[in-house]
Amino acid sequence: MENRILGLHHITAIAGMAKQNLDFYTNVLGLRLLKKTVNFDDPGTYHFYFGDEKGSAGTILTFFPHEGARRGSAGTGMATNIAYAVPEGSFDFWIERFEKYNVIYNKPSEKFGEKYLTFLDPDGLKLELVIPKNTDNRTPWETDEVKANVATKGFHGVTLTLQNKEKTAQVLTDIFGYTFREQSGNRYRYATDAVDTANIIDLVELPNEARGLGGAGTNHHIAFRVKNEEVLMQFHDKIAGLGYNITNKKDRNYFYSLYFREPGGVLFEIATDNPGFGIDEPWDQLGTHLMLPPQYESRRAELEAVLPKLD
Ligand code: ZN
């Protein structure tokens, strides 16, 4: 159990204007801003983390906002649809809210016996709210306007769009311990029983669809969760042994991680629970300061001057 992949850890996407991204996810969707930091590979831009109270794995959505970024286009070789679990009976609230904030959404529909409501964020990133078949008992983050009886509980799963699903499915089943569950048309559902939530990956096969083009409104990578660095390195050796080009362990301040590109083209990361978001801010103040990793602390004034204003 402990040495398995424990569902999703986080999902990272690209956004346009930082303030617009921050307002949408905190105010409209009601997520907690867990961390305001910089892109460690490009410290003149932000990296935002949104999630539940403590930034539990399986609730964390992160963005690299770039002012004036070109819009990407969703396509094959990409994660194309992020699904959040919400409580039964919450769709009326969300539809009213989407109307109020001019959010583009579709009327509710159903797949695999679960009701879902698709909507777009301000950059066109596709998300959906799902009422899971099995009640999701996670405690959501609450805001004044988005209370627990309607709030998102974290990820239900994510959809990967692929020209051919076979080799991606093999990574999920043979390396990550997922099993095939159900098929509906060209959508194939995989899940792991290692955890009860954030445990679904849908593969949608579109042989004639163009490759996705990265940019604002598209997903950059998805990260799978492991308990600690010891398990992380077990996966490193296993994946490297199968001939994949996998990175060495990276210190991402709030977790340790590895990256490799799966054969269908989606960038996969594996990330640890430790050390978590409390490492550099008190729990009750998460997201309220600009947090810089040690290598950039000496450049704080310079970076604060170039980062976009958020108020
Ligand atoms: Zn990541």
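Residues numbered from 1 in each chain as written. Predicted model: local features only at pLDDT ≥ 70, side-chain atom pairs only at ≥ 80, totals over all residues. Heavy atoms only, no water.

## A few points about empty space enclosed by the protein
A full pass over the atoms with the stated rule returns 2 cavities of 30 Å³ or more. Of the pockets and cavities examined, the largest cavity occupies roughly 60 Å³. Surrounding the largest cavity, Gly30, Leu31, Gly51, Asp52, Thr59, Tyr84, Pro140, Trp141, Thr152, Lys153 and Gly154 form its lining. Taken as a whole, the second largest cavity spans an internal volume of roughly 50 Å³. At the level of elements, strand E5 (78–85), strand E9 (155–162) and strand E12 (200–205) are the ones that each hand at least two residues to the lining of the second largest cavity. The greatest single-element share of the lining of the second largest cavity, amounting to 4 residues, is contributed by E9. Its residues assigned to classes, the lining of the second largest cavity comprises 3 nonpolar, 4 polar and 3 charged. (1 Å grid on protein atoms, 1.4 Å probe; cavity = no way out; pocket = protein on both sides within 12 Å on 5 of 7 lines; lining within 4 Å. Points joined across faces, edges and corners; volume = space filled by probe spheres on them. Helix = DSSP H or I, 4+ residues; strand = E, 2+ residues; numbered from the N terminus. Nonpolar A, V, L, I, M, F, W, Y, C, P; charged D, E, K, R; others polar.)

## Comments concerning the coordination of the zinc ion
In a perfect tetrahedron of four donors around a metal, the angles come out at 109.5 degrees. In a perfect octahedron of six, they are 90 or 180 degrees. Protein coordination at the zinc ion: the donors are His10 (NE2), His221 (NE2) and Glu269 (OE), at 1.9 to 2.0 Å from the metal. Ordering the donors of the zinc ion by residue number gives the pattern H-x210-H-x47-E. Of this pair, His221 sits in strand E13 (residues 219–226) while Glu269 is found in strand E16 (residues 267–275), placing the two residues 48 residues apart along the sequence. For the pair His221 and Glu269, a shared accessibility class is recorded, and that class is buried. (Donors = N, O, S within 2.8 Å, 3.2 Å for Na, K, Ca; no water. Buried < 20%, exposed > 50% of the residue type's maximum accessible area, 1.4 Å probe, protein only.)

## What to know about the sheet that holds strand E7 (residues 114–120)
Taken in spatial order, the 8 strands line up as E6-E7-E8-E5-E9-E12-E11-E10 in an open sheet, and their pairing is mixed. Strands at the two margins of the open sheet, each flanked by one partner only, are strand E6 (109–111) and strand E10 (179–184). Sheet twist, expressed as the average angle between the axes of neighbouring strands with direction ignored, equals 30°. In this sheet, E7 lies alongside E6 in antiparallel orientation, the contact comprising 3 bridges. Pairing of Ser109 across the sheet is with Tyr116, part of E7. Along the sheet face, helix H2 (residues 91–100) touches E7 and strand E8 (126–131) and points at about 10° away from the line of E7. (Pairing = 2+ DSSP bridges. Axes fitted to C-alpha atoms, helices over the stretch in contact; angles between N-to-C directions. Contact = heavy atoms within 4.5 Å.)

## Let's talk about unusual backbone geometry
Glycine aside, a negative phi is what most residues show, and trans is what most peptide bonds show. A cis amide bond links Asn274 to the next residue, Pro275, at an omega of -5°. Considering the arrangement of structural elements, one finds Pro275 in strand E16. You will see that Asn102, though not glycine, has its phi angle at about 55°, which is positive. The phi dihedral of Asn253 falls on the positive side, at around 70°, and the residue is not glycine. Position of Asn253 among the secondary structure elements: in the loop between strand E14 (250–251) and strand E15 (255–261). Exposure remark for Asn253: the relative accessible area of 17% places this residue in the buried category.

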